[in-house]
Amino acid sequence: MAHRFPSEEWTAAFKDAVNDNAAYRKAGAAWTHGAVAMVIAADPALGLEEPVGMILDVHGGQCRGAEYVRGMDAVAGVPFVIVAPRARWREVIEGKLDPIKGMMEGKLKLTVGHLPTMIRYVESSRQLVVSAANVPTEFVE
Amino acid sequence: MTQPSVTLAPGSEDNALAGMLATLVRQNLDDSAEKVAVFAKMWGRVAIVATDLDTSLTLRFERGTLRLFDGIVGIPDVTVRATSEAILQLSLVELEPRFGLPDPRGENARRMIRASLHGEVQVFGLFPHLPLVLRLTRLMAVP
């Protein structure tokens, strides 16, 4: 069954997909730098009156928890926050946009976080995206 | 030693790659006194052309100061033409600990060599400005 993106159901399925991804377990094995939030920017035209996001508690190659949240206040204190419009996240999830290349193009913005660490774990980021691509996803326009 | 300064020149704010490199340099300098010492010796202009992003920028180093410009500004001492993937790989090149030079035994260093052989990375002005290129590599490195 496809899960609507973004939603609590999609977030829960994403967590399972990350934990099912052996390549992520390997690439993220040394990650001890804290949670990562993927935030979808507000877009009233799409029915998103405020930003929504997914906070992934990733550690040592595992996703220990995933929380679907509303508003930027909810991601305050998260060590890494990446923000993009929903259309960009769709491109990422569909494998059409590499997340790091997206940052280099300004399509995704690392608004909080230590960029050298993010670059050091570039393969880990890519495997999170591969995991996302494995979630049956419904995009409602 | 003066405080390191990394700034975006007016007009370069919309160049995402310039902003990203500025952040990378700032955070690397915050983390490492060794990089601050390297940065203090850097002088010259480095142009970076991201061939797949249709983006270019210029880094102007003036011993402890870096200003990033959108596009190619002035006459660069060194020009790096590379895909965005290869530009990223430059930061991941392993450095040997003694002199901080690229370590050809490293996986990413070997990947860069292969990319150079395939034309994915071209560095113009490398040999006349080898110290600047080596310092740039050390400054950008994240391992």
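The structure under discussion appears in the preceding block.
Notes on the structure in this doc start here.

Regarding the sheet that holds strand E2 (residues 43–50) of chain B
All names here are of chain B.
Turning to step 1, where the next piece is worked out: With mixed pairing, the six strands of this open sheet are ordered in space as E1-E4-E3-E2-E5-E6. Across the chains shown, the open sheet's two edge strands, defined by having one partner strand only, are strand E1 (5–8) and strand E6 (121–124). Geometrically, the sheet is characterised by an average inter-axis angle of 15° between neighbouring strands, direction not taken into account.
Turning to step 2, where the next piece is worked out: The sheet contact formed by strand E5 (residues 78–82) and E6 spans four bridges and is antiparallel. Paired with Arg81 across the two strands is Gln122, which belongs to E6.
Turning to step 3, where the next piece is worked out: The strands that helix H1 (residues 16–31) touches are E1, E2, strand E3 (55–62) and strand E4 (65–70); relative to E1, the one it contacts most, it runs at about 165°.

As for the interface of chain B and chain A
Turning to step 1, where the next piece is worked out: Tallying the contact residues gives 18 residues for chain B and 14 residues for chain A.
Turning to step 2, where the next piece is worked out: Across the chain B/chain A interface, buried area totals approximately 1,400 Å², and carbon plus sulfur atoms make up 72% of it.
Turning to step 3, where the next piece is worked out: Three residues stand out in chain B for area buried against chain A, namely B:Met20, B:Gln27 and B:Leu88, and they jointly supply 35% of the buried area on that side.
Turning to step 4, where the next piece is worked out: The tally of links from chain B across to chain A stands at two salt bridges.
Turning to step 5, where the next piece is worked out: A salt bridge links B:Asp52 to A:Lys101; the shortest N-O distance between them is 3.3 Å.
Turning to step 6, where the next piece is worked out: Connecting chain B to chain A are seven residue pairs in polar contact (both at pLDDT 80 or more).

Some words on the sheet that holds strand E6 (residues 109–112) of chain A
All names here are of chain A.
Turning to step 1, where the next piece is worked out: Spatial ordering of the open sheet is given by E4-E3-E2-E5-E6, a layout of five strands whose pairing is mixed. Of all the strands in the sheet, just strand E4 (62–70) and E6 have a single pairing partner and so form its edges. Within the sheet, the average angular offset between the axes of one strand and its neighbour, ignoring direction, is 25°.
Turning to step 2, where the next piece is worked out: For strand E2 (residues 36–40) and strand E3 (residues 52–59), the ladder comprises five bridges, and the chain directions are antiparallel. If you follow Val36 over to E3, its bridge partner there is Leu56.
Turning to step 3, where the next piece is worked out: Against the sheet, helix H3 (residues 86–93) makes contact with E2 and strand E5 (80–84), and its axis sits at roughly 105° relative to E5, the strand it touches most.

Cut-offs and rules
Residues numbered from 1 in each chain as written. Chains lettered and ligands numbered in written order. Predicted model: local features only at pLDDT ≥ 70, side-chain atom pairs only at ≥ 80, totals over all residues. Heavy atoms only, no water. Pairing = 2+ DSSP bridges. Helix = DSSP H or I, 4+ residues; strand = E, 2+ residues; numbered from the N terminus. Axes fitted to C-alpha atoms, helices over the stretch in contact; angles between N-to-C directions. Contact = heavy atoms within 4.5 Å. Buried area = accessible area lost by both parts, 1.4 Å probe. Salt bridge = Lys/Arg side-chain N within 4 Å of Asp/Glu carboxyl O. Polar contact = N/O pair within 3.5 Å; in protein donor to acceptor, adjacent residues only side chain to side chain.

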